[in-house]
Amino acid sequence: FSRLIVGGLVCGVLLMGASTGALAASVPPVLQAAIFKKVLSLTPDFAAKKKIAIAYTDGKDDALVMKKAFSGLGFEAALVKDYGLITQAAELVYLVQTSNETESFCNKKRVLCFAGSVATVDSGFAEVAVGSRRNKPKIFLNLKRINFKGIKIRQELVQLSEVVEE
């Protein structure tokens, strides 16, 4: 185990883990937001980005909780249900739920998409997710998607993460 200090929070990050085929549990929204802030610091193209669209289809309550979590860390967070409006709100996209339209937008604009669902990264809708294994927060990366979008990440992020394959 290695220790990762994120926004004043200390969380264990499992460096060697099971494949993502095993169930990766949900992480509380405030902790997810803090870990994503750390992930962004290790992603040079996105480190200074502060505008985040919280994209949802029918999970408005979940979206509101994530908006509050990101806003509490200094992000300018906006809820976006109509995917056509993402362009007005996003430098980053957090996926509460996703759709083909969202994926298309994120691919076209090379926007970094992240989620609290490892399945979203497994399926290729997002590049980064925060889940947990054995009650420990864990970062999951889809390097194929990251490379497809030309996103540069630091090796430290890869070492702290579990890499998934589509």
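The structure displayed is predicted, hence computed values, not measured ones. (Residues numbered from 1 in each chain as written. Predicted model: local features only at pLDDT ≥ 70, side-chain atom pairs only at ≥ 80, totals over all residues. Heavy atoms only, no water.)

**Examining the confidence of the model for the chain**
Then step 1. Here the chain averages 80 in pLDDT, and 80% of its residues register 70 or above.
Then step 2. Contacts of residues 1-24 to residues separated by more than four positions or lying in other chains number 55 contacts, the stretch itself having pLDDT below 50. (pLDDT = per-residue confidence, 0-100. Contact = heavy atoms within 4.5 Å.)

**A word on the packing of aromatic side chains**
Then step 1. For the structure on display, the rule yields seven aromatic pairs.
Then step 2. Among the aromatic residues, those joined into a cluster by ring pairs are F36, F70, F75, Y94 and F114.
Then step 3. Here R110 stacks its cationic end above the ring of F148, 5.3 Å away from the centre of that ring. (Phe/Tyr/Trp six-rings, centres within 6.5 Å; stacked < 30°, edge-to-face > 60°. Lys NZ or Arg CZ within 6 Å of the ring centre and 35° of its normal.)

**Topic: the sheet that holds strand β8 (residues 136-141)**
Then step 1. An order of β4-β3-β5-β6-β7-β8-β9 is seen for the seven strands of this open sheet, with the pairing classed as mixed. A strand with exactly one partner marks an edge of an open sheet, and here the two such strands are β4 (76-80) and β9 (161-163). Ignoring which end each strand starts from, the neighbouring axes of this sheet average 30 degrees apart.
Then step 2. Here two bridges tie strand β6 (residues 112-115) to strand β7 (residues 128-133), and the two strands are oriented parallel to one another. Paired with F114 across the bridge in β7 is V128.
Then step 3. Contacting β5 (92-95), β6, β7 and β8, helix α1 (residues 29-41) crosses the sheet at an angle of about 130 degrees to β7. (Pairing = 2+ DSSP bridges. Helix = DSSP H or I, 4+ residues; strand = E, 2+ residues; numbered from the N terminus. Axes fitted to C-alpha atoms, helices over the stretch in contact; angles between N-to-C directions.)

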